[in-house]
Structures are given as C-alpha cells and as structure tokens.
Amino acid sequence: MSYSKAFADFLESRNFKDLEYKTNESLATHCTFKIGGNADFWILPKTYTAAKDIIFAANESNVRCTVIGNGSNILFSSEGYRGAVICTSKLCGISVKGKEISCKAGTPLSRLAASAMKSSLTGLEWAYGIPGSVGGAVYMNAGAYEGEISAVLKESEYFDPSDGRIKTLTNAEHSFSYRHSVFIGSPYVILKSVFALNSGDAVEIKAKMDELMAKRREKQPLEYPSAGSVFKRYPGFYTARLIDEAGLKGYRIGGAEISTKHAGFIINTGGAISDDVLSLVELIKEKIYKLYNIKIETEIRYIV
Ligand SMILES: Cc1cc2nc3c(=O)[nH]c(=O)nc-3n(C[C@H](O)[C@H](O)[C@H](O)COP(=O)(O)OP(=O)(O)OC[C@H]3O[C@@H](n4cnc5c(N)ncnc54)[C@H](O)[C@@H]3O)c2cc1C
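The model shown is predicted, which means the values in this text are computed figures rather than measured ones. (Residues numbered from 1 in each chain as written. Predicted model: local features only at pLDDT ≥ 70, side-chain atom pairs only at ≥ 80, totals over all residues. Heavy atoms only, no water.)

Observations regarding the overall build of the protein
Looking only at helices and strands, the protein has seven helices and 19 strands in total. Its C-alpha radius of gyration of 20 Å places the protein within 12% of the 19 Å reference for a compact globule of 304 residues. Along the three orthogonal principal directions, the C-alpha set of the protein runs to about 55 × 50 × 30 Å. For the protein, with 304 residues in total, the buried portion stands at 48%. With an accessible surface of roughly 14,100 Å², the protein has 49% of that area assigned to carbon and sulfur atoms. (Helix = DSSP H or I, 4+ residues; strand = E, 2+ residues; numbered from the N terminus. Rg over C-alpha atoms; globule rule 2.2 N^0.38 Å. Buried < 20%, exposed > 50% of the residue type's maximum accessible area, 1.4 Å probe, protein only. Areas by Shrake-Rupley, 256 points an atom, 1.4 Å probe, with all protein chains shown as cover.)

Printed below as a string of structure tokens:
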C-alpha cells in the first residue's frame, strides 16, 4: 500500500462532510466485472469542490489517482490500485429546463433516460439499460441501437487539474468519434453535461425503451458479471460475429469465458482474475488477425 499521511489526514478532515472514503477497499465490489484487488484509497466526493480538492490534495501528496463512474467499462487489475480511486456515484442530480436536461456526472445513464421519458423528451431511449454513469458515457461516447451521446449532448463542464479551473466544452469541442472523446487519455474530470432533446410522446418513448431493454435481455448475458462488449466495432463488421465465426464462443481461461450468448462479451463465471480476461483478449485478437487480417481494438479500459 502506498500511504501518505498528509493525504489520509486531508480525507479524514472532510470525511462525512463533503466526501466519504475507505482505505484498502476491494475494487471487485465496485465494478460490473466483479474483478479487482484492493485500492489504497476509495473516495466518494459529494460536491464538485470536494472532487477538485481531493485531486489537488492527491497531487500535492504524490498519490496517483483515477476517476471512475459506475465501473461498467473497466477491468481493474487483480493486484489492486496503488493510489486513490475516486468514484462519482455521489455526484448525482438532474434538472430539466424546456427541452434541455442538465445532469451531474455520477448520475446513472438509465436514470437520465427515464427522466427524459417522464418529461416527454425523445433522443435517449437507446441509453436505457446501459449500466454506466453520465460521465462515463460522455468519456467514451457511449452508444447503442443507432443512438450515441454525441448526437444529444450540448455541452459539458469539467475540472482541469493543471490549473484547478472548471471549464466548459461545446459538443464540437468534445472531438467525438466512434467510442471516442477528447476526455480519453486526458487528466480532465467530467462534472456535468447538458443534453438537448426533442419533444416526444412519453408513452411511445417508454415503449421504445422497454423494447430495447427486452433486446438487451435476449441478446446479452446479463446474468453474469461483465463489462459489456469488450471490443470496438470494426467498420463494416460486427466484431462479435467475427469472434463467433472463429469458433471462440464458450472458450475459457480460468474463470473468464467468451459468452456463449454474445461472443462480444467476456463473462466472469466466478473467481476470474484480470489476467484471465487479458489472456482471453489477446487470444481473441490473435485469432481474428490470423483468420481475417483485422486488428481489433478493446473498448474496455484496463486500470492497473
Ligand atoms: C451489460 C453491459 C452492457 C453495456 N452496453 C453498452 C452499450 O450498449 N453501449 C455502450 O456504449 N456501452 C455499453 N456498456 C459499457 C458501459 O456501460 C459504458 O461504456 C458506460 O458509458 C461506462 O460508464 P461508467 O460510468 O460505468 O464508466 P467507468 O467504467 O466507471 O469508466 C470508464 C472510463 O471513463 C472514465 N470516466 C468515468 N467517469 C468519468 C468522469 N466523470 N470524468 C472523467 N473520466 C471518467 C474512467 O476513468 C474510465 O477510463 C455496457 C456494459 C455492460 C456491463
């Protein structure tokens, strides 16, 4: 464990005021893969100021840190994380103004979609059922069933640790492309996003959401821990189909298995460790390259 007394003292002085924290916390309990060792510090800021101060204090104390949302697109190392994992789950809140919805980064994406439906606003039906936070969805330009964050996002507010300021980005400034935004690989922390939607009929919106959720239940192995589709789609191909055609469905390493229901998912059948998943990912990549001469890329983020 990498321990900084100054950082621990800072956290203790704010605990239960505007943040909550634990030390030596299991990361497996905080991600949908249910894989991961312990983090030295697990921190839940309750306000933007707390989030800023935590990152500032961590930098001052040379404690490395990473920000996550709901942990549904990540694989934590089974060796754990030496430093602070900061989770946005307590930075939640939605406000609707006309056809715009403003949403704090830790708000579940499904809650945002449900709120849009209740306000008779259309454009986010596809997002219902994605188990991530709004911040995580903006970070990687989440999408499904022909919908995508980039099509409905107006602007985001983020914290820039390099100068300690909160800044705003317009949609164009997000540099969105398929499963990509300007935030990927940056030190920025997404705090809030505003979505511009269209008027619709709440009954029709709900029917669409229910239809897409039923599709998810039918096609995806939701009964097992996973991080969703492991690989990005390859232009012109569905990667899952290539994996299926390569005969890899059901292939197992340790506790990790290529789902027999959806070849794009790697599931944790129980007791999987991060190396099991990483070995399966490499095996899939090599086989697809050998068979189709295509280099597929992972969508999930490995946090080590
Ligand atoms: C069963 C299942 C189905 C899924 N279906 C889909 C789907 O249809 N479409 C789709 O696109 N994805 C899907 N996913 C993947 C995942 O839910 C989405 O990518 C989601 O947007 C990730 O959000 P999160 O809050 O869980 O992010 P996390 O997994 O917590 O984090 C992902 C990345 O975002 C960064 N991040 C998170 N929040 C912030 C923030 N506030 N500021 C800066 N960086 C941040 C993290 O550092 C990390 O690198 C699915 C996953 C599962 C398990």
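Okay, back to it.
Looking at the packing of helix H1 (residues 5–14) against helix H2 (residues 48–60)
Here H1 crosses H2 at 165°, and the two axes come no closer than 10 Å. In terms of their interaxial angle, H1 and H2 are classed as roughly antiparallel. In this structure, the crossing between H1 and H2 has a hand that is right-handed. Contacts from Phe-7, Phe-10 and Arg-14 in H1 reach Thr-49, Ala-50, Asp-53, Ile-54, Ala-57 and Ala-58 in H2. Looking at the contact of H1 with H2 residue by residue, the class counts come to six nonpolar, one polar and two charged. (Axes fitted to C-alpha atoms, helices over the stretch in contact; angles between N-to-C directions. Parallel < 35°, antiparallel > 145°, perpendicular 65-115°, else oblique. Left-handed = near helix turned anticlockwise from the far one by under 90°. Contact = heavy atoms within 4.5 Å. Nonpolar A, V, L, I, M, F, W, Y, C, P; charged D, E, K, R; others polar.)

Some details on the sheet that holds strand S18 (residues 265–268)
Read across the open sheet, the four strands follow the order S15-S18-S17-S16; overall the sheet is antiparallel. Where the open sheet ends on each side, the last strands, each with one partner, are strand S15 (226–229) and strand S16 (252–253). Examined bridge by bridge, strand S17 (residues 256–258) and S18 share three bridges and lie antiparallel to one another. Its bridge partner lying in S18, Ile-258 is registered against Ile-266. In the packing of helix H7 (residues 274–292) onto the sheet, contacts are made with S16, S17 and S18, and the angle to S17 comes to roughly 30°. (Pairing = 2+ DSSP bridges.)

Quick notes on the packing of aromatic side chains
In total, this model carries five aromatic pairs according to the counting rule given. With a centroid separation of 5.0 Å and an interplanar angle of 85°, the aromatic rings of Phe-7 and Phe-41 are classed as edge-to-face. Of this pair, Phe-7 sits in helix H1 while Phe-41 sits in strand S2 (residues 38–45), and the two are 34 residues apart along the sequence. Per residue, the accessibility class of Phe-7 equals that of Phe-41, and both read buried. (Phe/Tyr/Trp six-rings, centres within 6.5 Å; stacked < 30°, edge-to-face > 60°.)

Structural notes on the layout of surface pockets
Of the volumes computed, that of the second largest pocket is approximately 180 Å³. Considering every element that reaches the lining of the second largest pocket, the biggest residue donor is helix H3 (residues 109–118), with three residues. Per-class residue counts for the lining of the second largest pocket are eight nonpolar, nine polar and one charged. When residues of the lining of the second largest pocket are assigned to domains, at least three map to each of domain 1 (5–87) and domain 2 (94–204). (1 Å grid on protein atoms, 1.4 Å probe; cavity = no way out; pocket = protein on both sides within 12 Å on 5 of 7 lines; lining within 4 Å. Points joined across faces, edges and corners; volume = space filled by probe spheres on them. Domains from an automatic or database assignment.)

Some details on the site of the ligand
Near the ligand, the surroundings consist of 35 residues, among which Val-67, Gly-69, Ser-72, Ser-133 and Gly-143 are the closest. At a separation of 2.8 Å, an oxygen atom of the ligand approaches a polar side-chain atom of Arg-216. When isolated, the ligand has an accessible area of 970 Å², and the protein chains bury 93% of it. By residue number, the principal contributor to the shell around the ligand is helix H4 (residues 134–139), which donates four residues. (Near = heavy atom within 4 Å. Polar contact = N/O pair within 3.5 Å; in protein donor to acceptor, adjacent residues only side chain to side chain.)

Quick notes on the state of the cysteines
All told, the structure shown has zero disulfides when counted by the stated rule. Counting only cysteine sulfurs, Cys-87 is the nearest neighbor of Cys-65, a cysteine outside any disulfide, at a range of 13 Å. With a relative accessible area of 27%, Cys-65 lands in the partly exposed category. No disulfide involves Cys-92; its nearest neighbouring cysteine sulfur is the one of Cys-103, lying 8.0 Å away. (Disulfide = S-S within 2.5 Å.)

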